[in-house]
Amino acid sequence: MVVLTILLFILVTLLFKLLYENLSCYLLTPLRIKKIMEMQGVRGPKPRFFTGNILDMASLVSKSTSQDMKTISHDIVGRLLPHFLLWTSQFGKRYIYWNGSEPRLCLTETELIKEFLSKYSTVSGKSWLQKQGSKNFIGEGVLMANGENWYHQRHIVAPAFIGDRLKSYAGHMVECTKEMLESLQKGLECGESEVEIGEYMTKLTADIISRTEFGTSYQKGKKIFHLLTLLQTRCAQASRHLCFPGSRFFPSKYNREIKSLKMEVEKLLMEIIQSRKDCVEIGRSNSYGNDLLGILLNEMKKKENSLNLQLVMDECKTFFFSGHETTALLLTWTVMLLASNPCWQQKVRDEVKRVCNAGIPSLDQLSKLTMLHMVINESLRLYPPASVLPRMAFEDIILGDLYIPKGLSIWIPVLAIHHNEKLWGKDANEFNPDRFTSKSFIPSRFLPFAFGPRNCVGQTFALMEAKIILAMLISRFSFTISDDYRHAPVVVLTIKPKYGVQVCLKPLES
Ligand code: HEM
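Residues numbered from 1 in each chain as written. Predicted model: local features only at pLDDT ≥ 70, side-chain atom pairs only at ≥ 80, totals over all residues.

An unreviewed UniProt entry annotates the protein chain as Cytokinin hydroxylase of Pisum sativum. Listed under Subcellular location (unreviewed entry) in UniProt, the entry text for the protein chain is "Membrane". We quote the UniProt Cofactor (unreviewed entry) comment for the protein chain here in full: "heme". (UniProt positions renumbered as here; feature names shortened; annotations may be inferred.)

This is the structure we're talking about:
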């Protein structure tokens, strides 16, 4: 009897604890944060129970993206972030909205953004909800890690993207691009003068990241990319599926589908990892290699508990994902912009001809391609692949005149900042690479790769890759936008052209 009473007592205590934790996480803390922000004059749209403003945002976006744009206009903030325009007009430049039970402060003041991203990288990071959404996708890899784990992982992976290692990738980039150009040429010879360039760019950047970081070809990595893309699409819907307490534990169709995709990807990654380990074990090689996978495996061997196999796989998924899609989108949007601006296309072609031998840039020549760099920057400004940067404060923070309580997420609408007329002038929605001529533009208003210690670790890799590919493409072909192109940017985690970018290619005399 006594034992039963004790057990009952423990059970009831545990139940109360669970109930309190859920109540605190989903209701009490968010309400406390709301009150603190309201006392500072920051308000926002009324949230619904559990779903917050998610349904309002989904309905606004679904309406604004229901049709293609009538012309190739770059005025896309109203289309992709209609809720931002609505709420800033109602509540001013700072407002608070609810992503489920997670309060988010929309911040557009560039000085505050700069301070936040540069000073508070270890006490802010990815929120619980964000991590839940991508848990089965890229797991605890560096992109999703927080605090000390992030700091440690960032220091392990960063050497793969600097100095001589980075330089050694240039050869692979040129080789992969040559193969793509050959396949475009073959297509032309078979009468295929119109291509969807996005498909080619996605394959190409996947091939480059597979070869440079994992020592495997696109053919081998192909299945992984395919499965990761499926996982990404499903995980992008996480906030709709996971906003109810405990919903991640339900054996719903959504959860089952995600689990099975995750298992398939990890099985393939294990094959790549195992074959690298086998090479060392059977003596065919005396090191795991110099690329990212080699660095990760060496680290795993070096220190117990530093990296485990799951974390190595999470990092591989993180880099397979972040190392190719964003760059493919940058290239695709840049081709679209150059195809619809023949004058800039010619300027860049002339520059490449002047600087490079046979249209293939060497490492020293890359820095001399200034016009190409300006075009790439302008493309990243108009169509930043990552349209928003969300970061949660894990400690109370003072930011300018704002007190940011622990648990509040800061939401930086990069796309809206990049298109803001007050920051970029009346022609903010126009394609005008000349604006990047001046070195004096303020970096905190240009955030395609984020800012501060937690910026994109692959930034230099991506820019080197983009310059090589565009220089080689532009010296081999001229291109115009096809009549079939439908201008319909959409956000599925990143900004994508909904139907791809169709261009008509013409080979140039060599
Ligand atoms: C045009 C191409 C790219 C763009 C626009 C881009 C953009 C970004 C942005 C905005 C972030 C910050 C995300 C956040 O904190 O929420 C980020 C982080 C990251 N990027 Fe990139 N990226 C690009 C290419 C690459 C490439 C080529 C790689 C790897 C080869 C890469 C690897 C990463 C990683 C690992 C992080 C996480 C860094 C950290 O949290 O410490 N990215 N990127």
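There is more to say, and it comes next.
Draft legend 1. Up close: the overall build of the protein chain. Counting secondary structure elements, the protein chain contains 22 helices and twelve strands. Since a compact globule built from 510 residues should have a radius of gyration of about 24 Å, the 24 Å found for the protein chain is in line with a globular shape. Summarising its shape, the C-alpha atoms of the protein chain cover approximately 90 × 65 × 40 Å along the three principal directions. Considering the protein chain as a whole, with its 510 residues, one finds that 41% of them fall into the buried category. Contacts spanning at least 24 positions in sequence make up 75% of the contacts within the protein chain whose residues lie at least 6 apart. (Helix = DSSP H or I, 4+ residues; strand = E, 2+ residues; numbered from the N terminus. Rg over C-alpha atoms; globule rule 2.2 N^0.38 Å. Buried ≥ 20, exposed ≤ 12 C-beta atoms within 10 Å, placed from the backbone. Contact = placed C-beta atoms within 7 Å.)

Draft legend 2. Representation of the site of the ligand within the structure. Near the ligand lie 23 residues; those nearest to it are G323, T326, C456, G458 and A462. Of the residues belonging to the shell around the ligand, the class tally is 15 nonpolar, six polar and two charged. (Near = placed C-beta within 6 Å. Nonpolar A, V, L, I, M, F, W, Y, C, P; charged D, E, K, R; others polar.)

Draft legend 3. Expanded view of the packing of helix α10 (residues 197-214) against helix α16 (residues 325-339). Close contact between α10 and α16 brings their axes to 8 Å; oriented N to C, the two are set at 150 degrees. By crossing handedness, the relation of α10 to α16 is classed as right-handed. Within the contact between the two elements, α10 uses I197, G198, M201, T202 and T205 and α16 uses T327, A328, L331, T332 and V335. Broken down by class, the residue content of the contact of α10 with α16 amounts to five nonpolar, five polar and no charged. (Axes fitted to C-alpha atoms, helices over the stretch in contact; angles between N-to-C directions. Left-handed = near helix turned anticlockwise from the far one by under 90°.)

Draft legend 4. Summary view of the packing of helix α9 (residues 170-189) against helix α22 (residues 459-476). The geometry of α9 relative to α22 is characterised by a closest axis approach of 10 Å and an angle of 35 degrees between their N-to-C directions. Viewed along their axes, α9 and α22 form a crossing whose handedness is right-handed. From α9, A170, M173, V174, T177 and L181 reach across to α22, where they touch M464, E465, I468, I469, M472, L473 and R476. Of the residues contributing to the contact of α9 with α22, the split by class is nine nonpolar, one polar and two charged.

Draft legend 5. Spotlight on unusual backbone geometry. The backbone of A450 sits at a positive phi, close to 65 degrees, despite the residue not being glycine. Along the chain, the position of A450 falls in the loop between α21 (421-424) and α22.

Draft legend 6. Geometry of the nonpolar core. V335, L372 and V503 are the most contacted members of the largest nonpolar core, which totals 123 residues. If one sorts the elements of this core by residue count, α22 sits on top with eleven residues. Among all residues touching V335, those that are not within four sequence positions of it are I197, F479, V501 and V503. (Core = buried A, V, L, I, M, F, W, Y, C linked by C-beta atoms within 7 Å.)

Draft legend 7. The environment of M37, seen in detail. The residue M37 is located in helix α1 (residues 2-39) in this model. Look at M37 and you get buried, because 22 C-beta atoms sit within 10 Å. Residues M37 and M144, 107 residues apart in the sequence, show an inter-C-alpha distance of 26 Å. The contacts of M37, once residues within four sequence positions are left out, are V42, I96 and L105.

Draft legend 8. Examining the pairing of strand β1 (residues 95-99) more closely. With five of five residues buried, β1 is to be regarded as a mostly interior element. Sheet analysis places β1 next to strand β2 (residues 102-106), joined by five bridges and oriented antiparallel. If you follow I96 over to β2, its bridge partner there is L105. The hairpin turn running from β1 into β2, its antiparallel successor, is two residues long, and G100 in that turn takes a positive phi close to 65 degrees. (Pairing = 2+ DSSP bridges.)

Draft legend 9. Geometry of the sheet that holds strand β8 (residues 409-412). One open sheet accounts for five strands, arranged β1-β2-β8-β5-β3; its pairing is mixed. Each of the sheet's edge strands pairs with one partner strand only, and the pair in question is β1 and β3 (124-125). Bridging between β2 and β8 involves three bridges; their strand directions are parallel. The partner of R104 across the bridge, within β8, is S409.

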